[in-house]
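Report on the structure
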Amino acid sequence: MSEYLGVEVNIASNDGAKQEFLENAGQGRLALQQCSACEKLRYPVMTACPFCTSSEFSWADVSGRGTIYSYEWVMHPIHPAYRERAPYPIVLVELDEQREFPTADDGLRLISSLVDAEGNPAAEEDCAIGARVEVEFADLGDGLALPRFRLAAEQPAAGELWRYGDVAGG
């Protein structure tokens with residue numbers, strides 16, 4: 001049985017693409033849908049390309065490296081499985097692939113958790129816009145995994161990071 005934080009993971013029987021996404025993660029690969037028509041990567045997993053509406057796609061491995069584009073601290077989780085983890089950060093990560101594409105205001109962005117080396121929620125001081133991150137995978141069992149992020153070894157200078165409440169940055 002696949003589970004995360006003690007909760008069973010159920011994937012709808014008609015959602016084969018979501019199953020494949022989690023299976024790829026279970027193999028240690030962050031693979032995203034790539035449109036067969038326009039070749040743009042997309043996330044979240046969906047039935048048609050948001051750029052050209054084609055339903056044809058293949059899976060493309062991406063590096064799993066990126067930058068925190070935005071974040072939020074969850075103080076009051078709505079699911080009981082997360083109560084013991086609160087407060088915890090949810091991050092919007094802009095992957096290095098397809099940055100500022102198809103326009104300067106766009107990018108390939110994933111919403112996920114930010115965790116420390118042990119898989120626990122990252123500390124507040126580790127969460128900042130501009131921080132570099134890399135993917136890791138939480139094992140769900142049954143060959144499935146959930147992508148989440150942790151801080152990368154190399155970070156920008158403190159003055160290039162921004163945290164909520166920061167007026168001048170860094």
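Below or above, wherever it landed, is the structure these notes cover.

1. Notes on the overall build of the protein chain
When you go through the protein chain residue by residue, the secondary structure sums to one helix and ten strands. Seen in sequence order, the protein chain has helices and strands lined up from the N terminus as β-β-α-β-β-β-β-β-β-β-β. Taken against the 2.2 N^0.38 rule, which gives 15 Å for 170 residues, the C-alpha radius of gyration of the protein chain at 17 Å falls within 12% of a compact globule. The burial tally for the protein chain puts 37% of its 170 residues in the buried class. In the protein chain, the share of contacts with a sequence separation of at least 24, taken over all contacts with a separation of at least 6, comes to 54%. If you sum the accessible surface of the protein chain, you get close to 9400 Å²; carbon and sulfur atoms cover 48% of it. Of the side-chain charges in the protein chain, 13 are positive and 28 negative, and the distance between the mean point of each set is 2 Å.

2. Some details on the sheet that holds strand β3 (residues 31-35)
Strand-to-strand pairing in sheets goes through backbone hydrogen bonds, with the strands running parallel or antiparallel. Pairing within the open sheet is antiparallel, and its three strands lie in the order β4-β3-β5. Only two strands of the sheet have a single neighbouring strand rather than two, namely β4 (41-42) and β5 (57-61). On the sheet, helix α1 (residues 16-26) packs against β3 and β5 and is oriented at approximately 20 degrees with respect to β5.

3. Some thoughts on the pattern of salt bridges
Under the definition given, this model contains nine salt bridges. Residue Arg-99 is joined to Glu-94 by a salt bridge in which the shortest nitrogen-to-oxygen separation is 3.4 Å. A relative accessible area of 37% places Arg-99 in the partly exposed class. One salt bridge in this structure joins Arg-99 and Asp-96, with 3.8 Å as the shortest N-O distance.

4. Quick notes on the packing of aromatic side chains
For the coordinates displayed, the defined rule picks out six aromatic pairs. Ring geometry for Trp-162 against Tyr-164: centres 5.2 Å apart, planes inclined by 85 degrees, an arrangement best described as edge-to-face. Site record: aromatic cluster; members linked through ring pairs are Tyr-4, Tyr-82 and Tyr-88. In this structure, Arg-109 is placed above the aromatic ring of Tyr-69, and the distance from its NZ or CZ to the ring centre is 3.7 Å.

5. Remarks on the side chain of Arg-132
Along the chain, Arg-132 falls in strand β9 (residues 132-141). Sequence-distant contacts of Arg-132, defined by excluding residues within four places in its chain, comprise Arg-65, Gly-66, Thr-67, Asp-96, Arg-99, Arg-150, Leu-151, Ala-152, Glu-154, Gln-155 and Pro-156.

Here is what the cut-offs are and how they apply
- Residues numbered from 1 in each chain as written.
- Predicted model: local features only at pLDDT ≥ 70, side-chain atom pairs only at ≥ 80, totals over all residues.
- Heavy atoms only, no water.
- Helix = DSSP H or I, 4+ residues; strand = E, 2+ residues; numbered from the N terminus.
- Rg over C-alpha atoms; globule rule 2.2 N^0.38 Å.
- Buried < 20%, exposed > 50% of the residue type's maximum accessible area, 1.4 Å probe, protein only.
- Contact = heavy atoms within 4.5 Å.
- Areas by Shrake-Rupley, 256 points an atom, 1.4 Å probe, with all protein chains shown as cover.
- Lys, Arg positive; Asp, Glu negative; His and termini not counted.
- Charge placed at Lys NZ, Arg CZ, Asp CG, Glu CD.
- Pairing = 2+ DSSP bridges.
- Axes fitted to C-alpha atoms, helices over the stretch in contact; angles between N-to-C directions.
- Salt bridge = Lys/Arg side-chain N within 4 Å of Asp/Glu carboxyl O.
- Phe/Tyr/Trp six-rings, centres within 6.5 Å; stacked < 30°, edge-to-face > 60°.
- Lys NZ or Arg CZ within 6 Å of the ring centre and 35° of its normal.

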